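Residues per chain, in single letters:
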Number of protein chains: 2
Amino acid sequence: MNKEEKTLQHRNINPTAMRLLVLQYLSEQKKAISLKDLEEGLFLADKSTLFRTLKTFEEKKLIHSIDDGTGAVKYALCYENCNCAPEDIHYHFHCTKCDNTFCLDSVRAPSIELPRGFELKQANLVIKGICAYCNP
Amino acid sequence: MNKEEKTLQHRNINPTAMRLLVLQYLSEQKKAISLKDLEEGLFLADKSTLFRTLKTFEEKKLIHSIDDGTGAVKYALCYENCNCAPEDIHYHFHCTKCDNTFCLDSVRAPSIELPRGFELKQANLVIKGICAYCNP
DNA sequence: GTTCTTGCAAAATATTTGCAAGACG
DNA sequence: CGTCTTGCAAATATTTTGCAAGAAC
């Protein structure tokens with residue numbers, strides 16, 4: 001059993017050929033990808049299959065979704081022991097020049113003091129601007 | 001000239017009847033609204049007119065958009081002197097129970113230390129969980 | 001008349017589902 | 001066989017544009 005298969009099994013996902021392909025594709029990315037990106041990257045696979053694969057991965061917390069305001073939801077791999085819980089929250093950076101969206105792992109997301117009665121479960125934190133690769 | 005007209009003029013927006021209606025509707029809301037919400041709230045008006053009104057308002061920084069991950073972009077009024085600049089960034093709270101999204105004006109958004117080369121211009125910060133009104 | 005705004009229709013884009021065929025045990 | 005997965009087609013939802021008529025000055 002290879003590394004990817006183990007990853008899927010660890011998340012209770014049946015490791016089919018298609019899912020391994022999608023996982024491999026996701027692993028190769030430095031940026032978050034949309035369903036369309038995935039479709040273009042694995043052009044042999046069907047859109048709805050890919051859609052359902054992403055949903056399965058998300059549900060099992062292998063990937064997380066990011067709504068960066070570009071009109072298409074993007075996805076990125078979670079870290080090994082991520083549970084998509086408050087302590088796993090991190091920022092994302094959407095570069096308005098290259099239009100890529102990255103997970104900012106190195107930036108600590110501050111603990112957020114919410115008004116009384118509000119309970120944080122999840123977050124979608126997107127910073128927009130110019131990324132290091134586009135900045136002159 | 002009434003208050004709403006002044007608000008529009010202050011933002012360099014031609015105060016037409018339709019725009020005054022939309023502004024009034026937005027002012028009455030405690031939550032961010034989608035294009036669809038607006039359509040249903042002002043059911044006499046055409047969708048594309050409302051769409052363009054929102055775009056105009058956003059461009060002129062009278063309102064800001066929030067992508068809360070529900071699949072539809074929402075909009076909320078900016079504060080009087082908001083320029084949608086980094087210092088105007090604030091959190092939004094999306095309640096997964098009542099499905100409403102609010103601006104969290106009272107919570108200070110922390111200054112974010114980005115890696116070298118990254119330049120913040122904007123942000124879309126959405127916290128998800130249960131809001132104070134839904135919490136038992 | 002000229003410019004800005006609006007309404008209607010339709011295009012473009014993104015997301016989601018139904019169903020039947022296939023894979024796998 | 002029974003369950004899970006995949007592919008195709010199509011539905012749904014959302015956003016966006018073209019164009020002509022109307023309003024404002």
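Right above here is the structure, for reference.
Every residue gets a number counted from 1 within its own chain, in the order that chain's sequence is written. Chains and ligands are labelled sequentially in the order written, the chains with letters from A and the ligands with numbers from 1. Totals for whole chains, interfaces and linings use every residue, but because this is a predicted model, local features are given only for residues with pLDDT of at least 70 and side-chain atom pairs only at 80 or more, for both listing and counting. Only hydrogens and water are set aside when side-chain values are computed; all heavy atoms of the structure are taken into account.

(A) View of the overall build of chain A. Summing up its helical and strand segments, chain A has four helices and six strands in all. The helix and strand labels rest on DSSP assignments: H or I over at least four residues marks a helix, E over at least two residues marks a strand, and numbering proceeds from the N terminus. Mapped from its N terminus to its C terminus, chain A presents α and β elements in the order α-α-β-α-α-β-β-β-β-β. Radius of gyration (C-alpha) of chain A: 16 Å, near the 14 Å computed for a compact globule of 136 residues. Its C-alpha atoms put chain A at 45 × 40 × 25 Å along the principal axes. Categorising residues by exposure relies on relative accessible area from a 1.4 Å probe, with only protein chains included: less than 20% of the type maximum marks a residue as buried, more than 50% marks it as exposed, and the intermediate range marks it as partly exposed. Here chain A holds 136 residues, and 40% of them are scored as buried. Every residue pair with non-hydrogen atoms within 4.5 Å of one another is taken to be in contact. Across chain A, every contact between residues at least 6 apart in sequence was considered, and the portion connecting residues at least 24 apart equals 55%. The Shrake-Rupley method, run with a 1.4 Å probe, gives the accessible areas here. Residue values count only the displayed protein chains as cover. Accessible surface, chain A: about 7,700 Å² in total, of which carbon and sulfur atoms supply 48%. Computation of the radius of gyration draws on C-alpha atoms alone. For the globule rule, the value is 2.2 Å times the number of residues to the power 0.38.

(B) The arrangement of the pattern of salt bridges in detail. All names here are of chain A. We count a salt bridge whenever a side-chain nitrogen from Lys or Arg sits within 4 Å of a carboxyl oxygen from Asp or Glu. Enumeration according to the criterion identifies four salt bridges over all chains in this entry. Salt-bridge contacts for K55 lead to E58; the nearest nitrogen and oxygen are separated by 3.9 Å. Here K55 and its partner E58 are both found in helix α4 (residues 47–59), three residues apart, which amounts to about one turn of the helix. Overall, the relative accessible area of 25% leaves E58 in the partly exposed class.

(C) Structural view of the side chain of D68 of chain A. Residue and element names in this part refer to chain A. Following the sequence through the fold, D68 ends up in the loop between β2 (63–66) and β3 (74–77). Side-chain atoms alone can form a polar contact between residues adjacent in sequence; in general such a contact is a pair of N or O atoms within 3.5 Å, and within protein one must be able to donate a hydrogen while the other accepts it. For D68, the side chain forms a polar contact with the side chain of T101, separated by 2.6 Å. Discounting residues that sit within four places of it in the chain, D68 has contacts with K74, H94, T101, V126 and K128.

(D) Here's a closer look at the pairing of strand β5 (residues 101–104) of chain B. Residues and elements named next belong to chain B. Sheet topology note: the strand β4 (residues 91–95)/β5 ladder contains four bridges and is antiparallel. Bridging across to β5, Y91 finds its partner in L104. Strands pair, by our definition, only if DSSP identifies at least two bridges between them. Taking the residues that link successive antiparallel strands as the turn, the β4-β5 hairpin has five residues, and the phi of D99 there is positive, at about 65 degrees.

(E) Up close: the interface of chain B and chain A. At the interface, 32 residues of chain B touch 32 residues of chain A. Counting the contacts that link chain B with chain A gives zero salt bridges. Inspection of the chain B/chain A interface yields 12 residue pairs in polar contact (both at pLDDT 80 or more). Counting only elements with at least two residues in the side of chain B that touches chain A, the list comes to β4, β5 and β6 (119–130) of chain B. By residue number, the principal contributor to the side of chain B that touches chain A is β6 of chain B, which donates 12 residues. Tallied by class, the residues present in the side of chain B that touches chain A amount to 19 nonpolar, seven polar and six charged. Residue polarity is assigned by list, with Asp, Glu, Lys and Arg as charged and Ala, Val, Leu, Ile, Met, Phe, Trp, Tyr, Cys and Pro as nonpolar; anything else, Gly included, falls into the polar class.

(F) Inspection of the protein's contact with DNA strand C at higher detail. When we say a residue is near a molecule or strand, we mean one of its heavy atoms is within 4 Å of it. Around DNA strand C, a shell composed of 17 residues is seen, among which T16, M18, R19, S48 and R52 of chain B lie nearest. Restricting the count to atoms of DNA strand C within 4 Å of the protein gives a sugar and phosphate share of 61%. Contacts to DNA strand C include R19 of chain B, whose side-chain N or O atom sits 2.4 Å from a phosphate oxygen. Taken together, the elements giving at least two residues each to the surface near DNA strand C come down to α4 of chain A together with α2 (17–28) and α4 (47–59) of chain B.

(G) Quick look at the sheet that holds strand β2 (residues 63–66) of chain B. Residue and element names in this part refer to chain B. Ordered by their spatial adjacency, three strands build an open sheet running β1-β3-β2, and the pairing between neighbours is antiparallel. If you trace the sheet from one side to the other, it starts and ends with β1 (33–34) and β2, each paired once. By the bridge criterion, four bridges tie β2 to strand β3 (residues 74–77) in an arrangement that is antiparallel. When the bridges of β3 are listed, I66 appears paired with K74. Whenever a helix is involved, its axis is fitted only over the stretch in contact; in every case the axis is a line through C-alpha atoms, and angles between N-to-C directions fall within 0 to 180 degrees. Along the sheet face, α2 touches β1, β2 and β3 and points at about 85 degrees away from the line of β3. Taken strand by strand, α4 contacts β2 and β3, and its axis lies near 110 degrees from that of β2.

(H) Local environment of the relation of the copies chain B and chain A. Expressed as a screw operation, the relation of chain B to chain A combines 0.0 Å of axial shift with a rotation of 180 degrees, fitting to an RMSD of 0.0 Å. Interpreted geometrically, this transformation is the action of a two-fold axis. The position closest to the rotation axis in chain B is occupied by the C-alpha of L125 of chain B, lying 2.2 Å away. Same-surface contact between copies: 100% of interface residues of chain B are shared with the interface of chain A. A least-squares superposition brings the copies together, and it is based on the C-alpha atoms of residues with pLDDT no lower than 70 in both.

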